[in-house]
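# Observations on the three-dimensional arrangement
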Amino acid sequence: MAFIVEQDGYQYGSLALATVFLVPQIVKGYKTQSLKDVSALSLTCVTASSFLWGFYMYETDLIHFACATGFVGVNALSLLSMKVVFYYKEMNDHYKSFGKPPTTCAVIQAEA
């Protein structure tokens, strides 16, 4: 196992995979215009921890790790922003339906 862990490719490969884990969710959310299945609390935690961890990495001169962690934070912040925009868009569309007459009206005639 030490042979695998000591390789630079292992370090950068795992860093790349850990960095881009939110990108597919951004693409899916953009295509479907909905992020109802994404927790805002978990995204808030990922955003806050990414920026705190990135600041720590920057202070310890691990700049490439700080950049990767910052990228994760920006992705989480993008998802949070998309979630808010999609929510207000959905609410706006819902409010526009108030006060309008029903689209169909069923008429029932009673037989005498």
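Structure: above.
Here is a short report on the structure shown in this document. Fair warning: this is a prediction, and the values are worked out from it, not measured in the lab. Here the residue index of a chain counts from 1 through its sequence in written order. Note on the predicted model: pLDDT of at least 70 is required for a residue's local features to be given, and 80 or more for side-chain atom pairs to be given and counted; whole-chain, interface and lining totals, by contrast, use all residues. As a rule here, side-chain values come from all non-hydrogen atoms in the structure, and water together with hydrogens is ignored.

## Thoughts on the environment of Ser-39
Positionally, Ser-39 belongs in the loop between helix 3 (23–32) and helix 4 (40–59). Definition of a polar contact: a pair of N or O atoms within 3.5 Å, with one able to donate and the other able to accept a hydrogen when the atoms are protein atoms, and with sequence-neighbouring residues admitted only if both atoms are side-chain atoms. Side-chain polar atoms of Ser-39 contact the backbone nitrogen of Leu-41, separated by 3.4 Å. A helix here means a DSSP run of H or I that spans at least four residues, while a strand means a run of E at least two residues long, and both kinds are numbered starting from the N terminus.

## As for the pattern of salt bridges
In the sections that follow, a salt bridge refers to a side-chain nitrogen of Lys or Arg positioned within 4 Å of a carboxyl oxygen of Asp or Glu. One pass over the full model with this rule turns up two salt bridges. One salt bridge connects Asp-37 with Lys-28, and the closest N-O pair in it is separated by 3.8 Å. According to the relative accessible area criterion, Asp-37 is exposed, its value standing at 54%. Here Glu-90 and Lys-36 are joined by a salt bridge, their closest N and O atoms 3.4 Å apart. On the criterion of sequence distance, the pair formed by Glu-90 in helix 5 (residues 63–96) and Lys-36 in the loop between helix 3 and helix 4 is long-range, its members being 54 residues apart. Type-normalised accessible area, obtained with a 1.4 Å probe on protein chains alone, sets the label of each residue: buried when under 20%, exposed when over 50%, and partly exposed for intermediate values. Overall, Glu-90 belongs to the partly exposed group, its relative accessible area being 36%. For Lys-36, a relative accessible area of 63% translates into the label exposed.

## As for the packing of aromatic side chains
Aromatic pairing here means that ring centres of Phe, Tyr or Trp (its six-membered ring) are within 6.5 Å. Orientation follows from the plane angle: under 30 degrees is stacked, over 60 is edge-to-face, and everything else is tilted. Tallying each qualifying case throughout the model produces two aromatic pairs. Measuring from ring centre to ring centre gives 5.4 Å for Tyr-87 and Tyr-88, while their planes differ by 75 degrees; the resulting arrangement is edge-to-face. Judged by relative accessible area, which is 56%, Tyr-88 ranks as exposed.

## Structural notes on the side chain of Asn-75
Along the chain, the position of Asn-75 falls in helix 5. Take Asn-75: its relative accessible area is 7%, and that puts it in the buried class. In contact with Asn-75, not counting residues within four places along its chain, are Thr-19, Leu-22, Val-23 and Ile-26. Any two residues whose heavy atoms approach within 4.5 Å are treated as being in contact.

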